[in-house]
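Observations on the model geometry
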Amino acid sequence: MYREHDLSYDFLGIHLENPFILSAAPPTDELDMAIDGLKAGWAGVVLKTTSVESNPVNLKYPMMSSFGTAAHKLWGLGNIDLISQYHIDEICERVAALKRMFPTKMIAASIMGSRKEDWQSLVWQLKKAGVDLVECSFSCPQGSMGEAPGRMLAQSVEATEKVARWVKEVAGDTPVLIKITPQVTDIVEIARALKRAGVDGVTASNSVPALIGVDVETLEPRPSLFGEGAYSGMTGMAIKPLTLRTIAEIARNVDITISGNGGAYSWSDAVELMAVGASNVQFCTLPMHHGFGTIRDLKSGLADYLDRKGYASPLDIVGKALKSIKGQEELVTPRSRSDIDLDKCIGCGNCFRACSDGAHRAILWDAEKRQPSVDAEKCPGCGQCMQVCPVNAIRMKEELDGKVHYFEFKGTH
Amino acid sequence: MEEFEKTLSRQQAAIEAERCLYCYDAPCQAKCPAHVPVPEFIQSIRSGNLHGARTLLQTSHPFIETCGRICPEEAFCQSVCTRSKIDAPLRIRELHRFVTDSTDPSDRMELPETTLGRVAIIGAGPAGLACARELRVRGFSCDVFEARQVGGVPSQEVSTHRYPREVDEREVHFLTSTFAAHVCTERVADLKPLAADYDAVFVATGLPFESDMNVEGTQLVGVHQARELLRKMKSGAISGAGNRVGVIGGGNVAIEVASMLREEDPTRDVTVVYRRSIKELKAFKKEIEEATALGVTYQFLAIPDKVVGSHRVEGLQVTQAHLCEEDESGRCRSEPLPGSSFTIPLDTVVVAIGQRIDQGVFPGLARSDSGLISVGENMQTSMPGVYAGGDAVHGAQTVVEAVRDGKKAAEQIAAFVAGGK
């Protein structure tokens, strides 16, 4: 009944019907789940990370934890999960089955090994099964294997380059993505190493190593298994800003394809990841929270956005924001002032208090009228008041060369 | 009787608390006569610090269990909640109730020695007990004189579906035991001996009498005074009302007694007979909603002419009324439609048309035309050292307003005693 915007494009030579991929995680760890996800409309799957048959995977349950508030329980999701308990033999069968059922979708698989033979054997078997793309986890926060036990592979520039070369040697023309961790001193170093190794791209980035919480009653870490816990990999909305910075930093410095992953919860989050350099966006926490059906709004929201902005393809978004990301010292120095729209103001006084206790004491308060006003002499236009205003009644106003410009609140949809 | 309103669950309270904007110089707190620090106690709910929330409430207000249940939030805090400018006001009273229902009274109380003086308090209702508590906290000892039941109107006259007996007993017990007010049961009619014996006196005797209806037939068997009936039912006794009850009036007492009569016998027909329309009902919205849910019905625009019957009540003859222009209070006056009278068949008539002060006591106190005790800005009466507050000064008002009077009087009395020494 309604025309559907064509969201398809090629990614590393693979046809994607839209930019939204189910990442290597629990939603792709069973064949029927992967099938349901693809049927729901996801453009592809990266099957949960597998390993060689000799590798035991000892999972500890409950593995999930989260943090948030009463109304928003799941700002951040944590897991002490490991890679899949299904080994490469089973995964190859699934790849072949999925390829038969969904010839136009991207069927990818994620692998993790330790020795060179393992990595290369995994790639070789997947290629034989007809996989579209191989993703290599260099960054599972738990259960790292191989070169530096207890440390993620992608935390070492040398190990990253070496193992990436092993993989690409066997992969040949099958595209290889290396999934990296944001937890490094210099993400650009890692991306350069991967470029040197000749892989096709990076998946930026994996879950963030984190301690989800401490139970203040028992003083046990969260999650707690009989009083003891471990660090989690954190995902979900809370990590989106970290992912954005990781992707942007790679894209600004290294010419390499990026698959975005980590913290996207909506079509507009996906647009943000793409705008800083991701060519597609992987999702895990969103479907783990609200199901595979979330693909409907991802597609419809993106289609509407492309229409609205006059973009023909999702690729038109990729990297569009990068030219505007600068060092703080390179930015112009505006002379802005807080500008409060009293017609919108509801008189809560949050701006006054925030300015008084946390900024420049530049907002005055009329207790009688319950109205704020700005002391233009004292206000440098820092913008804290507009962050705390519950009704977005505050903008920063700048008059430069006789022209008025407003810096407006951007945060929520 | 089960309570009408359920307390919020921990999750409901936490989610509701997240809606609070934590306004600067919050209007809710200013509007509360007892100045309950609303944003602060809500912040403590949000952080899971329920004992901290309880301590805040307990510090600002002696009747927290009572007000968490029966305070008419629409008249106070919630009426000015800034959040209503976005969507809907916070459910402040229910959050308050959540705190008192989820925590025990704080036992981390530190009270000073009672070295500052002795104060006599006449009347152990909300105003009197609030004053006694404030004075005790400041270091005074108090004797509270109460001829009826300690606790005043809420204890005696608020229906159990809104304010259960055990809650009331807990609250009053906590107040009298923790704050060590000595309760004397003798009736005080003359202030002079007390004024001589004590450093100061606080009169908070409320409105003990009920207004009479000036029509024929009020002497018939089956005519009751509303508050007397409420006290009887609240004490656990059977009301003795029949099966077809008419309650005359449109205020909180009328709605309260109508509700409680339905609660006592759900098969009984209870009709509130009111001379104006539903819009002019003076009772608080929530009480009207609860009464309606309990099955109370209404006969609006009916002016009582006489109670009909030979020995017992057989009916109430009323004249139909129509509404005229608004008077100075903004309410429409009702005027009878001549020749439109009819008789409502009833076996019980309950009169709830107002309450009066006792003018036969405390000679020498200056009073207003209506007999209410006159006080100055500092709450002092015409007799030096004698202060007054609550309904006896302002006419019928809410518990939280009585608390405000008690707190303010305590402050003034403390200053008075300090100045005299």
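Fair warning: this is a prediction, and the values are worked out from it, not measured in the lab.

Quick notes on the overall build of chain B
Along chain B, the regular secondary structure elements total 15 helices and 15 strands. Taking 22 Å as the expected radius of gyration for a compact globule of 421 residues, we find that chain B reaches 22 Å, a close match to that expectation. Projected onto the principal axes, the alpha-carbon positions of chain B cover approximately 65 × 55 × 40 Å. Out of the 421 residues belonging to chain B, those deemed buried represent 47%. Contacts spanning at least 24 positions in sequence make up 71% of the contacts within chain B whose residues lie at least 6 apart.

Describing the overall build of chain A
A count of helical and extended segments in chain A gives 11 helices and 21 strands. A compact globule built from 413 residues would reach a C-alpha radius of gyration of about 22 Å, and chain A, at 24 Å, matches this within 12%. For chain A, the spread of C-alpha atoms along the three principal axes comes to 75 × 55 × 45 Å. By residue count, 45% of the 413 residues in chain A fall in the buried class. Counting only contacts in chain A whose residues sit at least 6 apart along the sequence, the fraction spanning at least 24 positions is 69%.

Focus: the sheet that holds strand β2 (residues 140-145) of chain B
Residue and element names in this part refer to chain B. Overall, parallel pairing links the 5 strands, which are arranged β3-β2-β1-β4-β15 in an open sheet. Each end of this open sheet is capped by a strand with a single partner; those strands are β3 (182-184) and β15 (386-388). Ignoring strand direction, the axes of neighbouring strands in this sheet form an average angle of 25°. Each of β1 (117-122), β2 and β4 (200-203) is contacted by helix α7 (residues 126-138), which is oriented at about 160° to β2, the strand it contacts most.

Looking at the nonpolar core
Among the nonpolar cores identified, the biggest contains 99 residues, and B:I121, B:V201, B:F202 and B:I413 are the most heavily contacted of them. No other element matches the 10 residues that helix α15 (residues 399-420) of chain B contributes to this core. Here B:F202 is in contact with B:V119, B:I121, B:G128, B:C131, B:Y387, B:A388, B:G389, B:A409 and B:I413, once residues within four sequence places are set aside. Formed by 84 residues, the second largest nonpolar core is a distinct cluster that contains A:A193, A:A248, A:L273 and A:F283.

Some words on the sheet that holds strand β6 (residues 76-79) of chain A
Residue and element names in this part refer to chain A. Pairing within the open sheet is antiparallel, and its 4 strands lie in the order β5-β6-β14-β11. The strands lining the two open edges of the sheet, one partner per strand, are β5 (64-67) and β11 (208-210). Direction aside, neighbouring strands of the sheet carry axes that sit 35° apart on average. Inspection of the sheet shows β6 paired to strand β14 (residues 232-235) by 3 bridges, in the antiparallel sense. From the neighbouring strand, N79 faces β14, where its bridge partner is G233.

Some thoughts on the interface of chain B and chain A
Counting from both sides, the interface comprises 11 residues of chain B and, opposite them, 14 residues of chain A. Taken together, the residues of the side of chain B that touches chain A sort by class into 6 nonpolar, 2 polar and 3 charged.

Some points on the domain arrangement of chain A
By domain assignment, chain A separates into domain 1 (9-324) and domain 2 (332-407). The C-alpha centroid of domain 2 of chain A is placed 41 Å from the C-alpha centroid of domain 1 of chain A.

Observations concerning the domain arrangement of chain B
Partitioning chain B into structural domains gives domain 1 (10-102), domain 2 (117-208 + 357-420) and domain 3 (211-351). On a C-alpha basis, the centres of domain 1 of chain B and domain 3 of chain B stand 34 Å from each other.

Details of helix α1 (residues 31-40) of chain A
Residues and elements named next belong to chain A. The complete set of buried residues in α1 reads A34, G37 and L38. Seen from one end, α1 has its buried residues packed into an arc of 95°, which puts them on one side. Opposite the packed face of α1, turned more than 90 degrees from it, sit the exposed residues D32 and K39. Residues of α1 that are buried make contact with β3 (20-22), β4 (44-50) and α2 (88-101). Looking one or two residues past α1, G41 carries a phi angle of roughly 125°, positive in sign.

A word on the confidence of the model for chain B
All names here are of chain B. Averaged over every residue, the pLDDT of chain B is 93; residues scoring 70 or more account for 100%. Mean pLDDT in chain B bottoms out at helix α9 (residues 165-178), which sits at 88, and peaks at β15, which reaches 98. On the interface metric, ipTM, the complex scores 0.89, and its pTM is 0.91.

Quick notes on the environment of A:V271
All names here are of chain A. When you line up the elements, V271 lands in helix α7 (residues 267-275). Once the C-alpha coordinates of V271 and I317 are considered, the two residues, 46 residues apart in sequence, prove to be 7.1 Å apart. Leaving out residues up to four positions away in the same chain, V271 has contacts with L302, Y305 and I317.

Overview of the environment of A:P19
All names here are of chain A. Note that P19 resides in the loop between β2 (14-16) and β3. You can call P19 buried: it has 31 C-beta atoms within 10 Å. Residues P19 and S205, 186 residues apart in the sequence, show an inter-C-alpha distance of 16 Å. In this structure P19 touches L7, A43, A270, M274, N280, V281 and P314, once residues within four positions along its chain are discounted.

Re the pairing of β1(B)
Each regular strand shows side chains that alternate between the opposite faces of the sheet. Residues and elements named next belong to chain B. Counting buried positions along β1 yields 5 of 6 residues, so the element is predominantly enclosed. One ladder, built from 6 bridges, connects β1 with β2; its direction is parallel. Each residue of the ladder has a partner; that of I122, found in β2, is F145. At this point the chain moves from β1, through α7, to the parallel β2, and the crossover so formed is right-handed. Pairing geometry for β1 and β4, over 4 bridges, is parallel. Note that in β4 the partner of A120 across the bridge is V201.

A word on α15(B)
Between the first and last C-alpha of α15(B) there are 31 Å, a value that for 22 residues agrees with the 32 Å anticipated at 1.5 Å per step. Extensive coverage of α15(B) is indicated by the burial of 16 of its 22 residues.

A word on unusual backbone geometry
All names here are of chain A. Residue P62 is reached from Y61 by a cis peptide bond, and omega for that bond is -5°. In this structure, P62 sits in the loop between β4 and β5. For the bond from R222 to P223, the omega torsion is -5°, close enough to zero to count as cis. Positionally, P223 belongs in the loop between β13 (220-222) and β14. One non-glycine residue with positive phi stands out, namely L219, at about 60°. Tracing the sequence through the fold places L219 in the loop between β12 (213-215) and β13.

What about the pairing of strand β18 (residues 363-366) of chain A?
All names here are of chain A. The pairing of β18 with strand β19 (residues 371-374) spans 4 bridges and is classified as antiparallel. Bridge assignment links I363 to a residue of β19, and that residue is V374. Linkage of β18 to β19, two consecutive antiparallel strands, is achieved through a turn of 4 residues, within which R370 is found at a positive phi near 50°.

Criteria and cut-off values
- Residues numbered from 1 in each chain as written.
- Chains lettered and ligands numbered in written order.
- Predicted model: local features only at pLDDT ≥ 70, side-chain atom pairs only at ≥ 80, totals over all residues.
- Helix = DSSP H or I, 4+ residues; strand = E, 2+ residues; numbered from the N terminus.
- Rg over C-alpha atoms; globule rule 2.2 N^0.38 Å.
- Buried ≥ 20, exposed ≤ 12 C-beta atoms within 10 Å, placed from the backbone.
- Contact = placed C-beta atoms within 7 Å.
- Pairing = 2+ DSSP bridges.
- Axes fitted to C-alpha atoms, helices over the stretch in contact; angles between N-to-C directions.
- Core = buried A, V, L, I, M, F, W, Y, C linked by C-beta atoms within 7 Å.
- Nonpolar A, V, L, I, M, F, W, Y, C, P; charged D, E, K, R; others polar.
- Domains from an automatic or database assignment.
- Arc of directions from axis to C-beta.
- pLDDT = per-residue confidence, 0-100.
- Right-handed = clockwise from strand over helix to strand, strands pointing away.
- Expected span 1.5 Å × (residues − 1).

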